[in-house]
Amino acid sequence: MSPPESPTTNPIAGIPEDLARVDLDERRAILDVEASLYPVEAVYGAAYVFIDRCYVLLDRPEPTKLRIVLTPKQLDEDAAEGLRRMVGELANELVSAAWRHQITQENRAQIEAVTMQAIAGAMGPPSLDDLEDFDFTDEAFEDPLGIAMSWEEKYSKKDDAAETAEPAATQREEEEE
Amino acid sequence: MQLLDLRGSLDARTQAFFRHRRIGPDRTLLTNLEGQWLVLDDEDFRRFATGATEGTPVHERLRAKNFLRDGYDEAKARETIAARKRFLGYGPNLHVMVVTLRCNETCVYCHASRADMDAVETDMSKETAERSVDLAFQSTSPAITIEFQGGEPLVNFEVVQHIIAYAEEKNRTAGKTLEFTMVSNLALMTEERLAYLLDHRVQICTSIDGPKAIHDKQRKLPTMSAFDEATVWIKRINEAYRARGLDPSLYHVEALLTTTRAALDAPEAIVDTYEELGCHAVFLRPLDPFGFAGKTAKMVEYERRRYLDFYARATDYILEKNRAGVQMIERYAAIFLTKILRGEDPNFLDIRSPAGAGIGQLAYSYDGNVYTCDEGRMLAAQGDDTFRLGHVDESRYRDIVGHPTVRAMVIASNLDSQPDCVACTYNPYCGIQTTHNHKTQGSVFGRMRESNICAVHKGIQDYLFNKLADGEPHVLEAFERWTTIRAREHFLHAPAGS
């Protein structure tokens, strides 16, 4: 729950007051955005950019609205102008983050392929020293479909299976059925 | 610029994937996925956009460049994209070694986070130097360049020599193509040091900010002229190259320009200065926000529009000199033109996608900390450790290049993940700098529409494509020559046995 607004919030020129306003008494800016327009990941991403300069609070004042409150850690200049500029920057960052969120979903395969090739090309194969440090004793990964299990482990009779180690969730699920 | 009204007549059934940009009246630039390009006049663009090219001369031009669905050559597109991304297959080739922060000069924009001459604690030790070289040699790149930076690297020349000797010895078994470069203001050069650098084939680069008045205004050397000190040695070094039988058009001191406000009104004088010094390349770099530049921005900064006017004037002047027989190139243009005209990537680390930070270069600070790039190291000097990847004493190579920060930078500098860049006509040729985004806009992703680097890259490419569309023979001939890469083989320490 964001702190109550002081009764003296001021509108920002060019922006409807129900979307953004500055609270000069509390020296903070408040931006309300339509939740259906901005994915919550974009709101996190855009708000995060300000945490070195501001204390940032996120809230949901109404089911369809997300609120971002920026309280600058330091305001050296004209407070109204400084806050107005931050609201503008936040609004631009929100659009950028929302579009980037959409692009990364659309181009996911290409981005992953290029990233993997770039990192793998730079890293190269592990050296003997690297391999020495690998921990082979841990479970390598979750195996809910039992892909890493032998045919016998996966499909043997339940009496036999009870004697084998319990390797994966699939087996447990089969037994529960 | 007049917009074309194509509403109601668009037909999207005949075109293959393309991006477009108005670059002038009656001119629209088209580029496609693999970086082929065409400039169309309004009539032809209207035909293209409305699917009515059949039977007109532009149809064949479009088809030859893979802009039409009919006859789209997928294999050729795949091959071209693979060639452009060839750099993805291997790791860092540029290893920046900051052998000291001490510097004898004080520059208004200082790009190198300097320390005073008595700050001996900012000298790299021989042990740290060896660990840095050990890491560099673990790169998967078959070629590595060790670049000596500072501060002023000549201040800690003993460690420079130690690194060279250690790397040469190491390369006897590593068998890489090894190269050394040094970025120096040259004021502390001596005949003895020069002889050593020449014997060990170290490429020498310096900074020249323009004619003496401009250079000395930006770069202060106590009791003497920084310009005089640098130029005396530039001439001496070039003379030494000639004495060793090296072609002066290929072997000469490379000089870098930092464009400050004082330089904007003097593009011709700057180019003339470079010519007089025997420099065959000018790199018209705008000021960046690293080092002290942030603090002194009010004194030296300027609107990017002014920079682009300066860029156009200077490059026009270089082209006129080319026409008169003077061999000189502009490096920004050469980087973009190599991609535009040859379909190759010259692997300039800040203008490629993804960018080279961490995967194409590493920076080793005097204290053994390793950073994604030189800019990351400069930010750390100002208290921002975002781009630190580890330390030469305790980090393994694979942990450094596979660091989460490197992965984030690879994703952030992939133009196909960036708003604006994803739809930009210059996508096949461009690149972004994540450290710049972080410094100026607070995140490695940044907002390109508000980025100075984006404005500069777009402006330079607008200039180049307009020149290409103008089609003046002497300009096309010069551009073709600017993209001809002649390897400086003398500087390459070839693998043993090759």
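Residues numbered from 1 in each chain as written. Chains lettered and ligands numbered in written order. Predicted model: local features only at pLDDT ≥ 70, side-chain atom pairs only at ≥ 80, totals over all residues. Heavy atoms only, no water.

### Some remarks on the pattern of salt bridges
Here comes step 1: In the structure shown here, the tally under the stated rule is 47 salt bridges over all chains.
Here comes step 2: Put simply, R108(A) and E112(A) hold a salt bridge, and the shortest N to O gap is 3.2 Å. Note that R108(A) and E112(A) are positioned in helix α3 (residues 108–123) at a spacing of four residues, about one turn of the helix.
Here comes step 3: Residue classification places E112(A) among the partly exposed positions, given a relative accessible area of 44%.
Here comes step 4: Salt bridges sharing partners connect three or more residues here, namely D52(A), R53(A), E89(A), E93(A), R447(B) and E450(B). (Salt bridge = Lys/Arg side-chain N within 4 Å of Asp/Glu carboxyl O. Helix = DSSP H or I, 4+ residues; strand = E, 2+ residues; numbered from the N terminus. Buried < 20%, exposed > 50% of the residue type's maximum accessible area, 1.4 Å probe, protein only.)

### Brief notes about the interface of chain A and chain B
Here comes step 1: Counting residues at the interface gives 27 residues for chain A and 31 residues for chain B.
Here comes step 2: Buried area between chain A and chain B, summed over both chains or domains, comes out near 2,500 Å², and the portion from carbon and sulfur atoms is 60%.
Here comes step 3: The interface formed by chain A and chain B includes three salt bridges.
Here comes step 4: Between D130(A) and R396(B) there is a salt bridge whose closest N-O contact spans 3.6 Å.
Here comes step 5: In this structure, the connection of chain A to chain B is made through nine residue pairs in polar contact (both at pLDDT 80 or more). (Contact = heavy atoms within 4.5 Å. Buried area = accessible area lost by both parts, 1.4 Å probe. Polar contact = N/O pair within 3.5 Å; in protein donor to acceptor, adjacent residues only side chain to side chain.)

### A closer look at the domain arrangement of chain B
Here comes step 1: Domain assignment breaks chain B into domain 1 (19–84) and domain 2 (88–376).
Here comes step 2: A straight line from the C-alpha centre of domain 1 of chain B to that of domain 2 of chain B covers 39 Å. (Domains from an automatic or database assignment.)

### Here we look at helix α13 (residues 374–381) of chain B
Residues and elements named next belong to chain B.
Here comes step 1: Most of α13 sits out of view: seven of its eight residues are buried.
Here comes step 2: Every buried residue belonging to α13 is among D374, E375, G376, R377, M378, L379 and A380, and all of these are buried.
Here comes step 3: Among the structural elements, β4 (94–98), β6 (143–149), β14 (361–364), β15 (369–371) and α16 (434–441) are those in contact with the buried residues of α13.

### So, the packing of aromatic side chains
Here comes step 1: Evaluated as defined, the whole model comprises 17 aromatic pairs over all chains.
Here comes step 2: Considering the side-chain rings of F148(B) and F180(B), the 6.2 Å spacing of their centres and the 10° angle between planes classify their relative orientation as stacked. One end of the pair, F148(B), is in strand β6; the other, F180(B), is in strand β7 (residues 177–183), and 32 residues separate them in sequence. Both residues of the pair, F148(B) and F180(B), belong to the buried class.
Here comes step 3: Here the aromatic residues F18(B), F45(B), F48(B) and F67(B) are joined through ring pairs into a cluster of three or more.
Here comes step 4: Here K73(A) stacks its cationic end above the ring of Y55(A), 5.4 Å away from the centre of that ring.
Here comes step 5: The positively charged end of R100(A) is found above the aromatic ring belonging to F445(B), 3.9 Å away from the centroid. (Phe/Tyr/Trp six-rings, centres within 6.5 Å; stacked < 30°, edge-to-face > 60°. Lys NZ or Arg CZ within 6 Å of the ring centre and 35° of its normal.)

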